[in-house]
Amino acid sequence: MADADYDVLILGAGSGGYACALRAAQLGLTVGLVEKAKVGGTCLHVGCIPTKALLHAAEVADSARESEQFGVRATLDGIDMTGVNSYKDGVVSRLFKGLTGLVKSRGITVVEGEGRLTGPKQVTVGDTTITGRHVVLASGSHARSLPGLEVDGERVLTSDHALRLDRVPRSVVVLGGGVIGCEFASVWRSFGAEVTIVEALPRLVAAEDEASSKALERAFRKRGIAFRTGTRFSSVEHTDDGVRVTVETEAGEQSTIEAELMLVAVGRGPVTEGLGYDEQGVAMERGFVLTDERCRTSAEGVYAVGDIVPGLQLAHRGFQQGIFVAEDIAGLDPRPVDETAIPRVTYSSPEVASVGLDERTAAERFGADGIETVTYDLGGNGKSQILKTQGFVKLVRRTDGPVVGIHLVGERVGELVGEAQLIYGWEGYPEDVAPLVHAHPTQNEALGEAHLALAGKPLHAHS
């Protein structure tokens, strides 16, 4: 293509980049979207969508294996990974086709190739130079490893490799007990693998409320998922039939774990190296792009969104930041994205979901005497009993004030976090939520019951 100039030039077509492109085009701006791979980025192709497809297949496997508890006679003959991958890839393919059609229909120009920031408002792709009145950096993230830990894609894998596995491993060591590690551990256990999670921090999903971590750990023990917290990775070596992983406790005690595979799930790093950001005056820190609350970098007219900006590396954060930047460029003066209001979900079995502050952070911010909490057990919720799931809804409020944190554990509770976000975002008081009518029997009732209890008038809960 010939050199071109746009109102908005976006480097990266993942969640943040394409959301910015779609909204900017909707607002009448001309948009150039540079992408070296496929529109949709990590989330659509090697992240959110394919992993959740695997998790649904895992749920189906568990339903078949445990069907007799519902009076249904079924058998699980095994896992056909060719069929599972076909289902997963079909979901991705349909969404990709829809997204590319949507981008085309908005008149957005997609420039295929690896782009590099080569001027204040200039991106070079191959021999082509493209300029924009505003540039948005949205180059995304990659699966990280640890210093000295070599990922070979055969026995030592990242999540990218794990999504392409053509078999169910008999045993796996999962290095990292965060969201990605716990989700893959959950999938493989449902598929029949022996799984051991190794986590350096004191608990699984350590970014969540401590009560949520404990509940997930109890559930994983019951499912036969082993885990070692407070344990650091030391080394890995190949054996005749897999890997031998050496780990070390905080007390310095070493031990080994043998398995067929090891998954490295220690987080994701920003894709910024060699893209010319720092050379063009964009302030960086440990590879991340620094921005203000309006997603503006230190370079005039240059914004950054998504995983390259310090904070939660979540697709929906990228979506919202992309929309915000498009509206900001268009002069609509949108409200900045509240990072604490971004919902978080771990789609393991059981699921863990939250929005707002955990109890410890709330106590640090408002004082131990300045908060109140209540936990409503899903044992009192009819739909949860029908689903045979255990868990809770935990609320954190400021004393005589609004709810500042909502934490959920149980099957399918990720579907409840939308209402939880509204309550947090609107600074709702328990007394505001208590009169709302929740359909019966639904798991949404558990949110209502928790707010009734915190408002001092519990119904299906002990006072």
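For the structure itself, consult the block above.
Now for a description of the structure that goes with this document. These numbers come from a predicted model, not from an experiment.

**Here's the deal with the overall build of the protein**
Of the regular secondary structure elements, the protein holds 13 helices and 24 strands. Taken over C-alpha atoms, the radius of gyration comes to 23 Å for the protein, in line with the 23 Å a tight globule of 463 residues would show. Taken along the three principal axes of its C-alpha coordinates, the protein extends 65 × 60 × 45 Å. Considering the protein as a whole, with its 463 residues, one finds that 52% of them fall into the buried category. In the protein, the proportion of contacts linking residues at least 24 apart, taken out of those at least 6 apart, comes to 62%. In the structure as shown, the protein presents an accessible area of about 21,200 Å², 49% of it carried by carbon and sulfur atoms.

**Brief notes about the sheet that holds strand 20 (residues 344–346)**
Taken in spatial order, the five strands of this open sheet run 20-21-24-23-22, and their pairing is antiparallel. Of all strands in the sheet, those bounded by a partner on one side alone are strand 20 and strand 22 (371–377). Within the sheet, the average angular offset between the axes of one strand and its neighbour, ignoring direction, is 10°.

**As for the nonpolar core**
In summary, soluble globular proteins display a tendency toward joint burial of nonpolar side chains. Grouped together as the largest cluster of nonpolar side chains are 34 residues, with contacts concentrated most on Val174, Trp188, Val195, Ile197, Phe220 and Leu263. A total of five residues in this core trace back to one element, the largest contributor, which is helix 6 (residues 179–190). Look past the residues within four positions of Leu263 in its chain and what remains in contact with it is Leu157, Thr158, Ser159, Ala162, Val172, Val173, Val174, Leu175, Phe184 and Trp188. Core analysis: the second largest hydrophobic core is formed by 27 residues, Leu99, Ile108, Ala138 and Val325 among them.

**Some remarks on unusual backbone geometry**
Across the junction of Ser349 and Pro350, the peptide omega takes the value 5°, indicating a cis bond. By secondary structure assignment, the location of Pro350 is in the loop between strand 20 and strand 21 (351–356). In the segment running from His440 into Pro441, the intervening peptide bond is cis, with an omega of -5°. With respect to the secondary-structure elements, Pro441 resides in the loop between helix 12 (430–433) and helix 13 (444–454). Within the chain, Cys295 stands out as a residue other than glycine whose phi angle is a positive 65°. By secondary structure assignment, the location of Cys295 is in the loop between strand 18 (288–289) and strand 19 (302–304). In this structure Cys295 comes out as buried when scored by relative accessible area, which is 5%.

**Points about the packing of helix 1 (residues 15–26) against helix 8 (residues 315–329)**
Look at helix 1 against helix 8: their axes get within 7 Å of each other, and the N-to-C directions meet at 35°. In the packing of helix 1 onto helix 8, the handedness of the crossing is right-handed. Residues Ser15, Gly16, Tyr18, Ala19, Cys20, Arg23 and Ala24 of helix 1 touch helix 8, and the partners they reach there are Ala315, Gly318, Phe319, Gly322, Ile323, Val325, Ala326 and Glu327.

**Description of the packing of helix 6 against helix 7 (residues 210–223)**
Relative orientation of the contacting elements helix 6 and helix 7 amounts to 25°, with a least axis distance of 11 Å. As judged from the angle between their axes, helix 6 and helix 7 are roughly parallel. Helix-helix and strand crossings are classified by hand; for helix 6 and helix 7 the assignment is left-handed. Contact residues: Cys182, Ser186, Arg189 and Ser190 in helix 6; Leu216, Phe220 and Arg223 in helix 7. Looking at the contact of helix 6 with helix 7 residue by residue, the class counts come to three nonpolar, two polar and two charged.

**Some points on the pairing of strand 13 (residues 242–249)**
As paired elements, strand 12 (residues 231–239) and strand 13 share eight bridges and run antiparallel to each other. Among the inter-strand pairings, Phe233 is bridged to a residue of strand 13, identified as Val247. Across six bridges, the pairing between strand 13 and strand 14 (residues 254–259) is antiparallel. In the sheet register, Glu248 faces strand 14, and the bridge partner there is Gln254. Counting the residues that bridge the hairpin from strand 13 to strand 14 gives four residues, and of these Gly252 lies at a positive phi of roughly 90°.

**Here we look at the packing of aromatic side chains**
Tallied over the entire structure, the rule returns two aromatic pairs. With 5.4 Å between their ring centres and 40° between their planes, Phe184 and Trp188 make a pair best called tilted. With Phe184 and Trp188 both in helix 6 and four residues apart, this pair spans about one turn of that helix. Of the two residues, Phe184 and Trp188, neither departs from the other in class, the shared state being buried.

Conventions used here
- Residues numbered from 1 in each chain as written.
- Predicted model: local features only at pLDDT ≥ 70, side-chain atom pairs only at ≥ 80, totals over all residues.
- Heavy atoms only, no water.
- Helix = DSSP H or I, 4+ residues; strand = E, 2+ residues; numbered from the N terminus.
- Rg over C-alpha atoms; globule rule 2.2 N^0.38 Å.
- Buried < 20%, exposed > 50% of the residue type's maximum accessible area, 1.4 Å probe, protein only.
- Contact = heavy atoms within 4.5 Å.
- Areas by Shrake-Rupley, 256 points an atom, 1.4 Å probe, with all protein chains shown as cover.
- Pairing = 2+ DSSP bridges.
- Axes fitted to C-alpha atoms, helices over the stretch in contact; angles between N-to-C directions.
- Core = buried A, V, L, I, M, F, W, Y, C linked by side-chain atoms within 4.5 Å.
- Left-handed = near helix turned anticlockwise from the far one by under 90°.
- Parallel < 35°, antiparallel > 145°, perpendicular 65-115°, else oblique.
- Nonpolar A, V, L, I, M, F, W, Y, C, P; charged D, E, K, R; others polar.
- Phe/Tyr/Trp six-rings, centres within 6.5 Å; stacked < 30°, edge-to-face > 60°.

So far we have only geometry, and geometry alone does not tell us how the molecule works.
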